[in-house]
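Descriptive structure summary
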Amino acid sequence: MATIEECRAALDKLSDSMGRAEGDVRAAASMERSVSCHITDLDVTFAGRLTGGRIDVRDTFPGPPREKAQIRLAMTGDDLVALVGGELHFARAWASGRVRLEAGLRDLFQLRKLL
C-alpha cells in the first residue's frame with residue numbers, strides 16, 4: 001500500500017509532467033480550477049488548485065474532501081502511483097471504477113486531453 005508521502009510525490013511528479021506539456025495537453029493543463037484527490041485506502045485528501053499548468057497542493061487532511069472542488073478524483077494510493085508511473089491506463093481504470101473523476105461537463109472535455 002502506497003504511503004501518504006508516495007502519493008504526494010506522485011502528485012508532484014504529475015504536476016511536473018503537466019508543466020512540461022505542449023500543444024493540446026498544455027492548453028488543457030492551463031485551466032484554473034480547484035482540485036481534490038481523495039486517497040481512499042489511506043482516507044486522506046489532497047486539496048489544491050490546477051493553476052498555471054501545474055497542480056498546486058495546498059492542503060492535506062484526513063477523510064474525504066471537506067469542500068466540493070471543481071475537479072474531484074478518488075482512488076487508492078497504489079492506483080495513483082501506478083497512473084503517474086505509466087503502469088495503469090487512466091481510461092481503463094476509470095471505466096472499471098478503480099478511479100473516480102467528477103467534474104463539470106466542460107472540464108471533462110478539457111481533461112480528456114490530459115488523460
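Structural notes, computed from the coordinates. Treat the numbers as computed from the prediction; the structure is a model and nothing was measured.

Here the focus is the overall build of the protein chain. Helix and strand content of the protein chain: 5 helices and 5 strands. Counted from the first residue to the last, the protein chain has its helices and strands arranged as α-α-β-β-β-β-α-α-β-α. Relative to a compact globule of 115 residues, whose C-alpha radius of gyration would be 13 Å, the protein chain shows 13 Å and is just as compact. With the C-alpha coordinates aligned to their principal axes, the bounding extent of the protein chain is approximately 35 × 30 × 25 Å. Of all 115 residues assigned to the protein chain, the portion counted as buried reaches 40%. The long-range share in the protein chain, meaning contacts at least 24 apart out of those at least 6 apart in sequence, stands at 57%. With the model as given, the accessible surface of the protein chain reaches about 6600 Å², and the carbon-plus-sulfur share is 51%. Of the charged side chains in the protein chain, 17 are positive and 17 negative, and the gap between their average positions amounts to 7 Å.

Structurally, the position occupied by Glu67 is in the loop between strand E3 (54-62) and strand E4 (71-75). Along the primary structure Glu67 and Ile39 are separated by 28 residues, whereas in three dimensions their C-alpha atoms are 15 Å apart.

Parameters and conventions
- Each residue is numbered by its place in its chain's sequence as written, counting from 1.
- A pLDDT threshold of at least 70 governs which residues receive local features in this predicted model, and a stricter bar of 80 or more applies before side-chain atom pairs are shown or counted, although totals over entire chains, interfaces and linings include all residues.
- Neither water nor hydrogens contribute to the side-chain values; these are computed over all heavy atoms in the structure.
- Helical segments are the DSSP runs of H or I of at least four residues, strand segments are the runs of E of at least two, and each set is numbered from the N terminus.
- For the radius of gyration, the atoms used are the C-alpha atoms, and the globule rule reads 2.2 Å times the number of residues raised to 0.38.
- Relative accessible area decides the class of each residue, using a 1.4 Å probe on protein chains only: under 20% of the type maximum gives buried, over 50% gives exposed, and in between gives partly exposed.
- By definition, residues are in contact when any of their heavy atoms lie within 4.5 Å.
- The protein chains shown are the only cover counted for residues, whose accessible areas, like all others here, come from Shrake-Rupley with a 1.4 Å probe.
- In this tally, Asp and Glu contribute negative charge and Lys and Arg positive charge; neither His nor the terminal groups of the chain are included.
- By convention, the point assigned to a charge is CZ for Arg, NZ for Lys, CD for Glu and CG for Asp.

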